[in-house]
Amino acid sequence: KTVESSEPRFQGARRVENIVPFSENMEATGWVEASASITSPTTVDLSGSSGSSVYIDCVVSGGSANKTMSASVLLWVNSGTETIRLKNVHSSVLSYTSPDIEINTTPTRYNFTQIYGAGAGTGNASIGLQNALAGGVKTINASDWMFEDITGQTNQNPSEYVSTGV
């Protein structure tokens, strides 16, 4: 990728761009509630139905076809444990979910990487949370959303968090 002339050069590091429009505020415009309720900038209530979710659409430079995308988010609950999944949809074509994640009261960063095929379209991709199991309402805390294109990068480990829209 090209860099601006004003940007410092780093030898051996990669340029990181978080494409989540509002990474620390789920109450901001763009976050979608599907059988779920966003109750604060960092809290969501997922309904008891399996598949209830919250997500935000993100612009993928050059489209999402043939891209490797990495998503991560800081998750925790106020008490006990809850089971959820990270959700990723590209160009409204295919939906991917991470394996079940059991979260507890310790804020922990979770990562999910997905490789899109040639049929992935030329549009956007979204990232969010999805209820993994039917049952009661699940109150989940989520912050520091990160979604980045790591296509062709030698180091495909999750990057340090970069805030956006704050």
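By convention here, each chain's residues receive numbers from 1 onward along its written sequence. Totals for whole chains, interfaces and linings use all residues, but because this is a predicted model, local features are given only for residues with pLDDT of at least 70 and pairs of side-chain atoms are given and counted only at 80 or more. Note that the side-chain values use all heavy atoms of the structure and ignore hydrogens as well as water.

Let us look at the sheet that holds strand β3 (residues 43-46). Read across the open sheet, the five strands follow the order β2-β3-β11-β5-β9; overall the sheet is antiparallel. The sheet is open, and its two edges are formed by β2 (36-40) and β9 (108-115), each paired on a single side. When strand polarity is set aside, the average angle formed by the axes of neighbouring strands in this sheet is 35 degrees. As paired elements, strand β5 (residues 68-76) and strand β11 (residues 138-149) share seven bridges and run antiparallel to each other. Looking at the pairing, S72 lines up with M146 of β11. Think of it this way: DSSP has to see at least two bridges between two strands before they count as a pair. Put simply, DSSP marks the helices as runs of H or I at least four residues long and the strands as runs of E at least two long, and each gets a number from the N terminus on. For every element, the axis is a line fit to its C-alpha atoms; helices are fit only across the contacting stretch, and the angle between N-to-C directions ranges from 0 to 180 degrees.

This next bit is on the confidence of the model for the protein chain. The predictor attaches a confidence to each residue, and that confidence, scored 0 to 100, is pLDDT. On average, the protein chain scores 82 in pLDDT, and the residues at 70 or more come to 81%. Mean pLDDT across the elements of the protein chain bottoms out in strand β7 (residues 94-97) (76) and peaks in β2 (93).

Position of T29 relative to the elements: it lies in the segment before β1 (31-34). Remark: the alpha-carbon pair of T29 and I56, spanning 27 residues in sequence, is separated by 9.1 Å.

A separate point is the packing of aromatic side chains. Two aromatic rings from Phe, Tyr or Trp, using only the six-membered ring of Trp, form a pair when their centres are within 6.5 Å; if the ring planes differ by under 30 degrees the pair is stacked, by over 60 it is edge-to-face, and anything between is tilted. If you walk through the whole model with that rule in mind, you get one aromatic pair. Centroid distance W31 to W145: 5.0 Å. Interplanar angle 55 degrees. Geometry classified as tilted. With W31 in strand β1 and W145 in strand β11, this residue pair connects regions lying 114 residues apart in the sequence. When accessible area is computed with a 1.4 Å probe and restricted to protein chains, residues below 20% of their type maximum are described as buried, those above 50% as exposed, and intermediate ones as partly exposed. Here W31 falls in the buried class, since its relative accessible area comes to 9%.

It is worth spelling out the side chain of T83 at this point. Of note, T83 is situated in strand β6 (residues 82-90). On the basis of relative accessible area, T83 is assigned to the buried category, the value being 17%. Not counting residues within four places of it along the chain, the set of residues in contact with T83 comprises D100, I101, E102, N131, A132, L133 and K138. Any two residues having at least one pair of non-hydrogen atoms within 4.5 Å are treated as being in contact.

With that settled, the discussion passes to the pattern of salt bridges. By definition here, a salt bridge exists when the distance from a side-chain nitrogen of Lys or Arg to a carboxyl oxygen of Asp or Glu is within 4 Å. Applying the stated criterion across every chain yields a total of two salt bridges. For the salt bridge of D100 with R85, the shortest nitrogen-to-oxygen distance reads 2.8 Å. Of this pair, D100 sits in the loop between β7 and β8 (101-103) while R85 is found in strand β6, placing the two residues 15 residues apart along the sequence.

Time to look at the pairing of β5. Counting buried positions along β5 gives eight out of nine residues, so the element sits mostly inside the fold. Where β5 and β9 come together, eight bridges link them in antiparallel fashion. Residue pairing in the sheet places T68 in a bridge with I115 of β9.

Mapping L75 onto the fold places it in strand β5. When the C-alpha atoms of L75 and I101 are compared, they prove to be 9.9 Å apart, with 26 residues separating the residues in sequence. Sequence-distant contacts of L75, that is, excluding residues within four places in its chain, are made with I84, L86, I103, T106, P107, T108, Y110, L129, I140, N141 and A142.

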